[in-house]
Amino acid sequence: MKILGIETSCDETSAAIVEDGTIILSNVIASSIDLHAKTGGIIPEQAARKQVQSIIPVIQESVKNRGGIEGIDSIAVTIGPGLIGSLLVGVETAKTISTLLGKPIIPVNHLIGHIYANWLDNKRQSKPEFPALALVVSGGHTDLVLLFGHGDIRLLGGTRDDAAGEAFDKTARLLKLGYPGGPSISAEAARYDEKSSKSELNMFPRPMINKKNYDFSFSGLKTSVLRKTQNLDSNLQTQIPQLSAEIQEAIVDVLVHKSLKAMRVFKPKSFLLAGGVAANQRLRDKFNLEINNSKLKIDFYVPPPQLCTDNAAYIAGAAFFNYSPILWSKVNANPSLTIVS
Ligand code: KG4
Ligand code: ZN
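(A) Structural detail: the pairing of strand 4 (residues 74–80). Within strand 4, seven of the seven residues are buried, which leaves the element mostly enclosed by the surrounding structure. Two elements, strand 1 (residues 2–7) and strand 4, share four bridges in a ladder whose sense is parallel. Across the sheet, leucine 4 pairs through a bridge with isoleucine 75, a residue of strand 4. Here strand 4 runs beside strand 5 (residues 105–109); their pairing, made up of five bridges, is parallel. Bridge pairing in strand 5 links alanine 76 to isoleucine 106. Crossover handedness for the path strand 4 to helix 3 (residues 84–101) to strand 5: right-handed.

(B) Region of interest: the packing of aromatic side chains. A full pass over the atoms with the stated rule returns 10 aromatic pairs. Plain terms: the ring middles of tryptophan 119 and phenylalanine 321 are 5.9 Å apart, the flat faces sit at 50° to each other, and that makes the pair tilted. Within this pair, whereas tryptophan 119 is found in the loop between helix 4 (110–115) and strand 6 (132–137), its partner phenylalanine 321 is found in helix 11 (residues 313–321), the two being separated by 202 residues in sequence. With relative accessibility at 3%, the residue tryptophan 119 sits in the buried group. Ring geometry for phenylalanine 216 versus phenylalanine 218: centroids 6.3 Å apart, planes at 10°, classification stacked. A cation over an aromatic ring shows up here: lysine 261 above the ring of tyrosine 214, its NZ or CZ 4.8 Å from the ring centre.

(C) The site of ligand 1, seen in detail. The environment of ligand 1 is made up of 18 residues, and the closest members are His114, Gly139, Asp169, Gly182 and Gly276. The backbone of glycine 165 places a nitrogen or oxygen atom 3.2 Å from an oxygen atom of ligand 1. Separating an oxygen atom of ligand 1 from a side-chain N or O atom of aspartate 310 is a distance of 3.1 Å. Starting from 550 Å² of accessible surface for ligand 1 in isolation, the protein chains cover 88%. The pocket occupied by ligand 1, as judged from atoms lying within 2 Å of grid points, is the largest pocket. Broken down by secondary-structure element, the contributors of at least two residues to the shell around ligand 1 are helix 4, helix 5 (164–174) and helix 6 (181–195).

(D) How the structure looks around the nonpolar core. Ranked by internal contacts, the top residues of the largest apolar core, which has 44 residues, are Phe271 and Phe287. Contributing elements (two or more residues each) for this core: strand 6, strand 7 (142–149), helix 5, helix 7 (219–232), helix 8 (236–266), strand 9 (270–274) and helix 9 (281–294). Tallying contributions element by element places helix 8 first for this core, with 13 residues. Residues within four places of phenylalanine 271 in sequence aside, it is in contact with Leu133, Leu135, Ser259, Met263, Phe287, Ile291, Ile298, Asp299, Phe300 and Tyr301. Membership of the second largest hydrophobic core comes to 30 residues, among which are Ala132, Ala134, Ala274 and Tyr314.

(E) Molecular detail of the sheet that holds strand 3 (residues 23–31). Taken together, the five strands give an open sheet; going across it, the order is 3-2-1-4-5, and neighbouring strands pair in mixed fashion. The strands lining the two open edges of the sheet, one partner per strand, are strand 3 and strand 5. For this sheet the average axis-to-axis angle between neighbouring strands, irrespective of direction, equals 20°. Against the sheet, helix 2 (residues 44–63) touches strand 1, strand 2 (12–19) and strand 3, its axis set at about 25° to strand 2.

How each quantity is defined
Residues numbered from 1 in each chain as written. Chains lettered and ligands numbered in written order. Predicted model: local features only at pLDDT ≥ 70, side-chain atom pairs only at ≥ 80, totals over all residues. Heavy atoms only, no water. Buried < 20%, exposed > 50% of the residue type's maximum accessible area, 1.4 Å probe, protein only. Helix = DSSP H or I, 4+ residues; strand = E, 2+ residues; numbered from the N terminus. Pairing = 2+ DSSP bridges. Right-handed = clockwise from strand over helix to strand, strands pointing away. Phe/Tyr/Trp six-rings, centres within 6.5 Å; stacked < 30°, edge-to-face > 60°. Lys NZ or Arg CZ within 6 Å of the ring centre and 35° of its normal. Near = heavy atom within 4 Å. Polar contact = N/O pair within 3.5 Å; in protein donor to acceptor, adjacent residues only side chain to side chain. Areas by Shrake-Rupley, 256 points an atom, 1.4 Å probe, with all protein chains shown as cover. 1 Å grid on protein atoms, 1.4 Å probe; cavity = no way out; pocket = protein on both sides within 12 Å on 5 of 7 lines; lining within 4 Å. Sits in = over half its atoms within 2 Å of the grid points. Core = buried A, V, L, I, M, F, W, Y, C linked by side-chain atoms within 4.5 Å. Contact = heavy atoms within 4.5 Å. Axes fitted to C-alpha atoms, helices over the stretch in contact; angles between N-to-C directions.

Set out below in structure tokens:
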């Protein structure tokens with residue numbers, strides 16, 4: 001089955017065709033990140049306007065040389081969470097295509113969609129097995145969930161304040177690094193790694209790391225970084241690589257520690273890392289290392305970096321494995337959708 005996925009939840013406009021939830025036939029992404037980099041963050045109104053400009057060319061490009069739009073069996077669209085103006089562009093476009101072509105429409109939760117990037121074609125032959133533990137780390141969310149099957153999901157914990165991606169973005173801003181913060185912090189941290197003798201990176205707190213629950217909190221990190229940058233003042237510039245390495249390690253430490261605890265307790269067959277922050281090399285490496293060291297019998301999946309950040313391929317993939325079309329008039333954008341509803 002060929003599904004056309006449409007994703008417009010934030011600052012990426014994307015359309016993809018995916019066959020049977022695993023084979024990417026096309027995946028076109030137009031990003032308005034450059035625009036937001038100029039202002040150091042997303043201005044929702046501008047993001048929505050960009051979505052309007054990009055949606056039709058992006059869909060046209062995704063179906064070109066792929067049998068055209070008529071070759072599609074169904075349409076999948078992100079309904080939330082996200083920015084309302086951006087979401088509406090994708091949702092209304094998908095509804096229009098669906099009604100005009102008489103093809104089913106499947107609403108997709110963006111956060112669950114991220115997890116399905118782990119089913120998309122990559123070099124591995126095997127696919128994730130259930131029960132699976134998934135950590136979704138994006139710009140607005142940090143959720144640890146157990147999956148007992150497709151559509152059978154239980155929330156273990158989430159962030160109480162800032163999300164992991166938000167922590168990267170906000171601390172990067174304090175260091176006057178570019179938006180989005182995750183890639184800039186990790187690039188600076190890599191410079192430090194090259195120069196340093198790999199000393200202990202424990203300058204910043206690891207909130208809630210030893211708490212019995214599976215919740216996260218990252219707003220304290222931002223406050224500590226603010227204090228540190230104020231104290232450094234004119235010396236700040238020279239310290240940026242080290243500070244970046246410290247910030248990255250603090251975030252990575254908490255995510256890895258809490259996920260490993262859940263792996264020990266629930267003993268899932270697979271661990272699925274997902275969301276934009278999953279593109280972070282240090283996070284990927286540390287999970288690999290700690291899972292190997294733990295001797296747990298668990299298969300670790302993480303999508304290639306370009307499929308971790310927002311794109312429509314995983315939206316189409318999620319729709320295939322959770323195939324439940326509904327009437328177009330019942331498909332509504334919901335900016336505050338949560339991972340379990
Ligand atoms: O999933 P995503 O593309 O969009 C949302 O659904 O929010 O995630 C975006 C987030 C941003 O906060 C960005 O800074 C972070 O993912 N990110 C990274 C990296 N690449 C993107 N964080 C750390 N390291 C990266 N390499
Ligand atoms: Zn996302």
